[in-house]
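# Examination of the molecular architecture
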Amino acid sequence: MKQTHGVYFGKASVSLMVDERHQKPTKVIHKGETNFKKGVIAPWGDDNRYPNKFMDAIRLNGAASGGLSLLKSAHYGNGLTFYKNQKSETTGKREKVIEYKEDHPEVQAFFKRNKMNTFFTETINDLESYGIGFPSLILSKDYKKVLRIRRQKTAWGRRELMNPSSGFSEMVYFKNQWDDDDTKDAAKIHSVDPMWCYEEILEYCRKKRIYEFVLPVHYTMTDEAYYPKPTWHAIFNNGWLEVSNSIPMYKKHLFKNQLNIKFLVHVSEAYFEEQYGDDWTDKFDVDERNKIREETLKAIDDHLSGNESSGRSMYSRKLKDDDGKWVNAIEIEPIDNKMKEGSYLPDATAANTEILFAMMVDASLIGGGVPGGNMGSGSGSDKRVAFDILSALFKTKRDTTLQIWDLIKEWNGWDPDLQAGFENVKLTTLDKNPNGKQSGI
């Protein structure tokens, strides 16, 4: 289809004939693709296990786990809501009018068949965790309908090296354990270029006889070729996550292995000689002397131990040693506790603060969950404003997620005026709303 575009320069005009079928983007060959071979993947991380190692570290960290859960919840909001932009009869302006799936039987059937609430929850989990999702779409035999859509786990997926002839990764390989880059035991699904429109994807599937394909959806890539590097992953790469995780592990082992001793008791041998006189050496044999020593130490220990010993004093005589110096018969030496209360908590505070900063999560939204920190949990107003700001920042992220909806709607021929969006949760005060929240798209 040709279109004529008029370009005006003052009174003169020039008509440009544009054949849209021949407007092809320039292909850029990435480093390493000159030796392209089918079945060779782009490894994710140096050992191809980046997603697993990253998530293992996140699961050990309360601040990061809580922050990530909040990002997922804020992204999903109240779930996918339908609406139409209709012109108001009173103001003449276009307004969003809520629509319901029940009024669109084909949409309702598709959502029920594919458990779309679960699908979007899981896809958002992948996007917020890794910045990329790999949903796969299954087509009817005549290519006229998208029948099924499935969430393929992002952590299990690896993209094939870009084919220089097509300019994109034509396959995604899936398996639950990537100990290397071997694709022999991996399931493979055709992939399409996420920048293609519906017509281009349809033409590609028909040409290649493809009935299932992956539509990679991902957040903005800056200089990456295959997998995004979300900015908040800096906490994993710069060491803050490791610092935060190491402190509780260190304290756990320290508490388990440290000696819980408060006093070191010295009892002079002269004490027993003074106490028992000549009987100590003439009457008592070795076993009897050891027994007396043990009984004496036990009596001292009993005197110093327990809650009742608080504020208790102890009597001990002074004796002269062989050099004529006065010495304590019994000396009690307090042992300094090197593990002071609250030690390392400032380091934990700094690490957890860096983690939440990177995730752009206000600490008040997760109860000021910074151990030992001086930040309070925040007032209700602080929480409402922080949550409103966080929700507002999800516009671009939600647009990425909605690429899936847009493609399915166009492919299946649903009402073109039917729009979808993830509804914000709007927190309010209880005097204005009994349940404390409102909604808004």
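So, here is what we can say about the structure in this document. Model, not experiment: these values are computed from the prediction. Sequence order as written defines the numbering, with residues in each chain counted from 1. In keeping with the predicted nature of the model, local features appear solely for residues at pLDDT of at least 70, side-chain atom pairs appear and are counted solely at 80 or more, and the whole-chain, interface and lining totals rest on all residues. To obtain the side-chain values, all non-hydrogen atoms of the structure were included, while hydrogens and water were left out.

## With respect to the sheet that holds strand E3 (residues 80-87)
Hydrogen bonds between backbone atoms are what pair the strands of a sheet, whose relative direction is either parallel or antiparallel. When DSSP finds at least two bridges between two strands, those strands are taken to pair. Going along the chain from the N terminus, every DSSP run of H or I of four or more residues is numbered as a helix, and every run of E of two or more is numbered as a strand. Ordered in space as E4-E3-E16, the three strands form an open sheet in which the pairing is antiparallel. Looking at the sheet topology across the chains shown, the edges are occupied by strand E4 (94-99) and strand E16 (419-422). Strand-to-strand twist of the sheet, defined as the mean angle between neighbouring strand axes without regard to direction, takes the value 45°. Across six bridges, the pairing between E3 and E4 is antiparallel. Note on E4: the bridge partner recorded for Tyr 83 is Ile 98. For helices, the fitted line uses only the C-alpha atoms of the stretch in contact; every axis is such a line through C-alpha atoms, and the angle between N-to-C directions lies from 0 to 180 degrees.

## A word on unusual backbone geometry
The phi torsion at Asn 48 lies on the positive side, around 65°, for a residue other than glycine. When you line up the elements, Asn 48 lands in the loop between strand E2 (12-19) and helix H1 (50-59). The backbone phi angle of Tyr 143 is positive, close to 65°, even though this residue is not glycine. Summarising the element assignment, Tyr 143 is placed in the loop between strand E5 (132-139) and strand E6 (146-152). Whether a residue is buried, partly exposed or exposed follows from its accessible area with a 1.4 Å probe, protein chains only, as a fraction of its type maximum: under 20%, in between, or over 50%, in that order. Tyr 143 gets classed as buried once you look at its relative accessible area, which sits at 8%.

## Concerning helix H13 (residues 395-412)
Here the expected span of a helix is defined as 1.5 Å times the quantity of residues minus one. With 18 residues, H13 extends 25 Å between its outermost C-alpha atoms, agreeing within 8% with the 26 Å of an ideal straight helix rising 1.5 Å per residue. Where H13 bends most, at Thr 401, the angle is about 35°. Listed in full, the buried residues belonging to H13 are Arg 398, Thr 400, Thr 401, Leu 402, Ile 404, Trp 405, Leu 407, Ile 408, Lys 409, Trp 411 and Asn 412. Positive phi shows up at Gly 413, right after H13, with a value of about 70°. At every residue, the bend is computed as the angle between two fitted axes, covering the seven residues ending there and the seven beginning there respectively.

## Some details on helix H3 (residues 105-114)
Taken together, the buried positions of H3 are occupied by Val 107, Phe 110, Phe 111 and Asn 114. All buried residues of H3 fall inside an arc of 95° around its axis, so they share one side. Along H3, the residues that are exposed and aim more than 90 degrees away from the buried face are Pro 105 and Lys 112. Where H3 is buried, its residues contact E3, helix H4 (116-130), E6 and H13. Immediately downstream of H3, the backbone of Lys 115 shows phi near 50°, a positive value. It is the directions from the helix axis to the C-beta atoms that the arc portrays. Note on contacts: a residue pair qualifies if any of its non-hydrogen atoms lie within 4.5 Å across the two residues.

## Observations regarding the environment of Leu 241
Looking at the secondary structure, you find Leu 241 in helix H7 (residues 240-257). Using a relative accessible area of 1% as the deciding quantity, one classes Leu 241 as buried. Along the chain, Leu 241 and Asn 352 lie 111 residues apart, while their C-alpha atoms are 7.9 Å from each other. In this structure, Leu 241 is in contact with Ala 57, Ile 58, Asn 61, Ala 64, Ile 235, Phe 236 and Ile 355, ignoring residues within four places of it in sequence.

## Notes on a nonpolar patch on the surface
Patches here: salt-bridge-free residues with over 30% relative accessible area, like charges joined within 9 Å, nonpolar side chains (Val, Leu, Ile, Met, Phe, Trp, Tyr) joined within 5 Å. Residue-level accessible areas treat just the shown protein chains as cover; the underlying method is Shrake-Rupley with a 1.4 Å probe. What counts as a salt bridge is simple: a side-chain nitrogen of Lys or Arg found within 4 Å of a carboxyl oxygen of Asp or Glu. On the surface, a cluster of nonpolar side chains totalling about 410 Å² of accessible area is made up of Met 360, Val 385, Ile 389 and Leu 393. Take Ile 389: it is sitting in helix H12 (residues 380-392).

## Quick look at the packing of aromatic side chains
Here a Phe, Tyr or Trp ring, Trp counted by its six-membered ring, pairs with any other such ring whose centre lies within 6.5 Å, and the pair is stacked when the planes are under 30 degrees apart, edge-to-face when over 60, and tilted otherwise. Counted according to the given criterion, the structure contains 28 aromatic pairs. With centroids separated by 6.3 Å and ring planes inclined at 45°, the aromatic side chains of Tyr 226 and Tyr 227 adopt a geometry described as tilted. The same class applies to Tyr 226 as to Tyr 227, namely buried. Within the aromatic cluster, the residues linked to one another by ring pairs are Trp 44, Tyr 50, Phe 54, Tyr 130, Tyr 226, Tyr 227, Trp 232 and Phe 236. Over the aromatic face of Tyr 83 sits the side chain of Lys 96, whose NZ or CZ is 5.2 Å from the ring centroid. Lysine and arginine charges are scored as sitting over a ring when NZ or CZ, respectively, is within 6 Å of the ring centre and within 35 degrees of the ring normal.

## Digging into the packing of H4 against H13
Taken N-terminus to C-terminus, the directions of H4 and H13 make an angle of 130°; their axes are 11 Å apart at the nearest point. Compared by their axis directions, H4 and H13 come out oblique. Where H4 crosses over H13, the handedness of that crossing is right-handed. Taking contact as the criterion, the partners of Phe 119, Phe 120, Thr 123, Ile 124, Leu 127 and Glu 128 in H4 are, on H13, Lys 397, Thr 400, Thr 401 and Ile 404. Note that the term roughly parallel is reserved for angles under 35 degrees, roughly antiparallel for angles over 145, roughly perpendicular for angles of 65 to 115, and oblique for everything else. Whether a crossing is left-handed or right-handed is set by the direction in which the near helix is turned from the far one by less than a right angle, anticlockwise for left-handed and clockwise for right-handed.

## Quick look at the packing of helix H8 (residues 269-276) against helix H10 (residues 286-304)
Two elements in contact, H8 and H10, have axes separated by 12 Å at closest approach and are oriented at 105°. With respect to their mutual orientation, H8 and H10 come out roughly perpendicular. In this structure, H8 uses Glu 269, Tyr 271, Phe 272 and Tyr 276 to contact H10, whose residues at the interface are Ile 292, Arg 293 and Thr 296. Residue type decides the class: Asp, Glu, Lys and Arg count as charged, Ala, Val, Leu, Ile, Met, Phe, Trp, Tyr, Cys and Pro as nonpolar, and the leftover types, Gly among them, as polar. The class makeup of the residues in the contact of H8 with H10 is four nonpolar, one polar and two charged.

## Considering a negative patch on the surface
A contiguous patch of negative charge on the surface is contributed by Asp 179, Asp 180, Asp 181, Asp 182 and Asp 185. Asp 180 sits in the partly exposed class, given a relative accessible area of 38%. Counted as positive: Lys and Arg. Counted as negative: Asp and Glu, with His and the chain ends omitted from the count. Note that the charge is assigned to NZ on lysines, CZ on arginines, CG on aspartates and CD on glutamates.

## Regarding the environment of Ser 88
Of note, Ser 88 is situated in the loop between E3 and E4. According to the relative accessible area criterion, Ser 88 is buried, its value standing at 13%. Once residues within four sequence positions are removed from consideration, Ser 88 is found in contact with Lys 93 and Glu 95. Within the structure, the side chain of Ser 88 is placed 3.3 Å from the side chain of Thr 91, a separation counted as a polar contact. Polar contacts here mean pairs of N or O atoms no more than 3.5 Å apart (in protein, one a potential hydrogen donor and the other a potential acceptor; neighbouring residues in sequence count only if both atoms are side-chain atoms).

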